[in-house]
Amino acid sequence: MSSYLELTARQRIPAIFDAGSFEEFLPPSERVASPHLAQLDAPVSFDDGVVVGRGLMDGKVVFGAAQEGGFMGGAVGEVHGAKLVGMLRRAIDERAHAVLLLLESGGVRLHEANAGLIAVSEVMRAMLDVRAAGIPVVAVVGGSNGCFGGMGISARCANVVIMSEEGRLAMSGPEVIETANGVEEFDSRDRALVWRTTGGKHRYLLGDCQMLVADDTAAFRAAALEAIAGVENARLTLAGLLAEQAMLARRLSDTQGLVEPMDVWHQLGIADPASVPMLEADAFLQLAAPYRAGEQR
Amino acid sequence: METLHYRFEQGTRPLAGMPQLVGVVGSGNLEVLIEAAPLQGACEIEVRTAAVGFGATWQAVMADFHARWRLADARISINDMGATPAVVSLRLDQAVESLTGGAP
């Protein structure tokens, strides 16, 4: 086992793509850094916190990106977002086999205000354009900073989301909720609660992520290949959207009034929800198979 | 932010290969970009650091680095977020090794 969580964005690329195949667009030597951070007299990064480019996955051309959670929490500024959008558009132009996004981000980089917000909306639009061109988009969430805010929404614009238990996916992050609504609403220092509400297992049970793997680079790579191969139609379809809407409505009515994730899991049919956080990935997948909210029941 | 420049003449070890980036601009960490560049045998280092007022410490760490490697025609660019001297030295060595694959 080799941890995915512990790697930097630059280390993840060769661990997930075919060795030596990745060609980076706008590499750090081009020095395309954030003009906003420089104006604020804040540290910049030569790649603005994201690696974008084109590589191979089992010999097929897959475009991809990896966000660096260590630089400003992976937050999306104007340059960072533009690099993602440029890569996504080029994937359409060059008829990529698929797009693989290794996401780790707190969302919009607040220093860049509207430029960051617009950048994230452009990322979402570009992801949907890629899908409209019939190219599968797969998102991987397994970094220690999780995937929140605008990038949390972006992740759900993908055909498939792959997570580890340690990965986290949500809209507002724990500290944001606590700041806005008080510690009675959400205690961001309660790590078990944070993972119960945003972690990979909860997301898998609720149907927000489609694949759950152990925190292992080989497992993530295998899942990414399986996900890409498994997408029959990458496009948004009316039937698909209606099915998703029905799933969300059913999920909402099934869990009405429940605030504790373990109560939600019990409601889904899991007899001993307290055991869920302790299970290894494989044992969890066996337990969860019949009960996922996202599956037909 | 503070920007510091260093130039060491008459290096003996030229660089070859693609530019490499190591490290991350996070708290107590830094990124080091290392590239081959025609500098008449010199090694130039530019440091942009969030910790203002540590020029003497940087000078000492960079002089030690040059004594270890004696790079020629090399450009090193650093974005720093308050890394300690030990971390800076390790990252610099990691950057050179990513290009040369060798020990000093």
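Coordinates for the structure precede this section.
Residues numbered from 1 in each chain as written. Chains lettered and ligands numbered in written order. Predicted model: local features only at pLDDT ≥ 70, side-chain atom pairs only at ≥ 80, totals over all residues.

A. Focus on the packing of helix α3 (residues 78-93) of chain A against helix α4 (residues 113-132) of chain A. Residue and element names in this part refer to chain A. At a minimum axis distance of 8 Å, the contact between α3 and α4 shows a crossing angle of 15°. Classed by the angle they form, the pair α3 and α4 counts as roughly parallel. The interaxial crossing formed by α3 with α4 has left-handed handedness. Packed against α3, whose contacting residues are Glu78, His80, Gly81, Ala82, Leu84, Val85, Leu88, Arg89, Ala91 and Ile92, the element α4 presents Ala115, Gly116, Ala119, Val120, Glu122, Val123, Ala126, Met127, Asp129 and Val130 at the interface. When the residues that make up the contact of α3 with α4 are grouped by side-chain class, the tally is 13 nonpolar, three polar and four charged. (Axes fitted to C-alpha atoms, helices over the stretch in contact; angles between N-to-C directions. Helix = DSSP H or I, 4+ residues; strand = E, 2+ residues; numbered from the N terminus. Parallel < 35°, antiparallel > 145°, perpendicular 65-115°, else oblique. Left-handed = near helix turned anticlockwise from the far one by under 90°. Contact = placed C-beta atoms within 7 Å. Nonpolar A, V, L, I, M, F, W, Y, C, P; charged D, E, K, R; others polar.)

B. Focus on the pairing of strand β3 (residues 60-67) of chain A. Residue and element names in this part refer to chain A. Counting buried positions along β3 yields six of eight residues, so the element is predominantly enclosed. Relative to β3, strand β2 (residues 50-57) runs antiparallel, the two being bridged by eight bridges. Bridging from a neighbouring strand, Met57 pairs with Lys60 of β3. Counting the residues in the hairpin turn of β2 and β3 gives two residues, including Asp58, whose phi is positive at 50°. Since β3 and strand β4 (residues 98-103) lie parallel, the crossover through α3 that links them has a hand, and here it is right-handed. (Buried ≥ 20, exposed ≤ 12 C-beta atoms within 10 Å, placed from the backbone. Pairing = 2+ DSSP bridges. Right-handed = clockwise from strand over helix to strand, strands pointing away.)

C. Representation of the environment of A:Ser21 within the structure. Residue and element names in this part refer to chain A. Inspection of the secondary structure puts Ser21 in the loop between α1 (9-16) and β1 (23-25). Of the residues examined, Ser21 has 16 C-beta atoms within 10 Å and is grouped as partly exposed. A sequence separation of 136 residues divides Ser21 from Cys157, and the C-alpha atoms of the two residues are 26 Å apart. Excluding residues that lie within four positions of it along the chain, Ser21 makes contacts with Gly55 and Leu56.

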